[in-house]
Amino acid sequence: MTGSDQPGSARLSARERFLAGARAQGLAPEISRFPEGTRTAEQAAAAVGCALGQIVKSLVFLCDGEAVLALTSGANRVDTKRLGELLGGTITRADADGVREATGYAIGGTPPFGHVRPLRAVVDGALLGYDTVWAAAGTPDTVFELRPDELVRASGAEVADFATG
Ligand code: 5CA
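On a predicted model such as this, the values are computed, not experimentally measured, just so you know.

(A) Seen up close, the site of the ligand. By nearness alone, 16 residues border the ligand, and Thr38, Arg39, Ser58, Arg93 and Gly108 come closest of all. One of the backbone nitrogen or oxygen atoms of Thr38 is found 2.5 Å away from a nitrogen atom of the ligand. In this structure, an oxygen atom belonging to the ligand sits 3.0 Å away from a main-chain N or O atom of Ser58. Applying the majority rule of atoms within 2 Å of the grid points places the ligand in the largest pocket.

(B) Summary view of the pattern of salt bridges. Summed over all chains, the structure comprises six salt bridges. Asp141 is the partner of Arg33 in a salt bridge, and the nearest nitrogen-oxygen pair spans 3.0 Å. Residue Arg33 is found in strand E1 (residues 31-33), and its partner Asp141 is found in the loop between strand E7 (133-136) and strand E8 (142-146); the two are separated by 108 residues along the sequence. Arg33 sits in the exposed class, given a relative accessible area of 52%. Look at Asp141 and you get buried, because its relative accessible area is 19%. Between Glu101 and Arg117 there is a salt bridge, with the nearest N and O atoms lying 3.8 Å from each other. Taken together, the residues span a long stretch of sequence, with Glu101 in helix H4 (residues 96-103) and Arg117 in the loop between H4 and strand E6 (120-124) at a distance of 16 residues. Look at Glu101 and you get exposed, because its relative accessible area is 55%.

Rules and cut-offs
Residues numbered from 1 in each chain as written. Predicted model: local features only at pLDDT ≥ 70, side-chain atom pairs only at ≥ 80, totals over all residues. Heavy atoms only, no water. Near = heavy atom within 4 Å. Polar contact = N/O pair within 3.5 Å; in protein donor to acceptor, adjacent residues only side chain to side chain. 1 Å grid on protein atoms, 1.4 Å probe; cavity = no way out; pocket = protein on both sides within 12 Å on 5 of 7 lines; lining within 4 Å. Sits in = over half its atoms within 2 Å of the grid points. Salt bridge = Lys/Arg side-chain N within 4 Å of Asp/Glu carboxyl O. Helix = DSSP H or I, 4+ residues; strand = E, 2+ residues; numbered from the N terminus. Buried < 20%, exposed > 50% of the residue type's maximum accessible area, 1.4 Å probe, protein only.

Structural data, given as structure tokens:
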């Protein structure tokens, strides 16, 4: 048990913060924990036993310095030129501190919603081709399953094709 997991602690764990954010969106996700780790899309797909394309990568970029969230299929890579055209600015990658500052979560555990403040978000159209997808639940060893329409609604994302396989 870490300090922030102590009962009665004023600070909530990443898992609890994610669950509260999900509840605020009317979702009650069942969180699966894999001790072997789900830090990368490949690890998450292997742990869950799903297609790589079904994994939601919650990637933080900066658009003219403002944090934005690109919810990308695990099978795809973000085309930053296309993302910049879509969002109307110059795209750079957020570093590890930038991801934590913008979302409240660490790289590898960043969920698609439930962040410290809402981020402008886009979702890779490729994710909409699956009945369900899997995303990080706040920590690098947890994931949860949801439908693509739930992902779009809860993240407030615009569906777009900014990623390529
Ligand atoms: N839990 C998994 C699957 S849901 C997950 O969070 N995957 S992810 O793709 O959204 O997060 C890992 C991503 O963080 C990697 O794809 C990688 O592009 C990015 N990343 C890893 N290290 C760094 C870093 N130092 N700075 C910026 N981005 C990084």
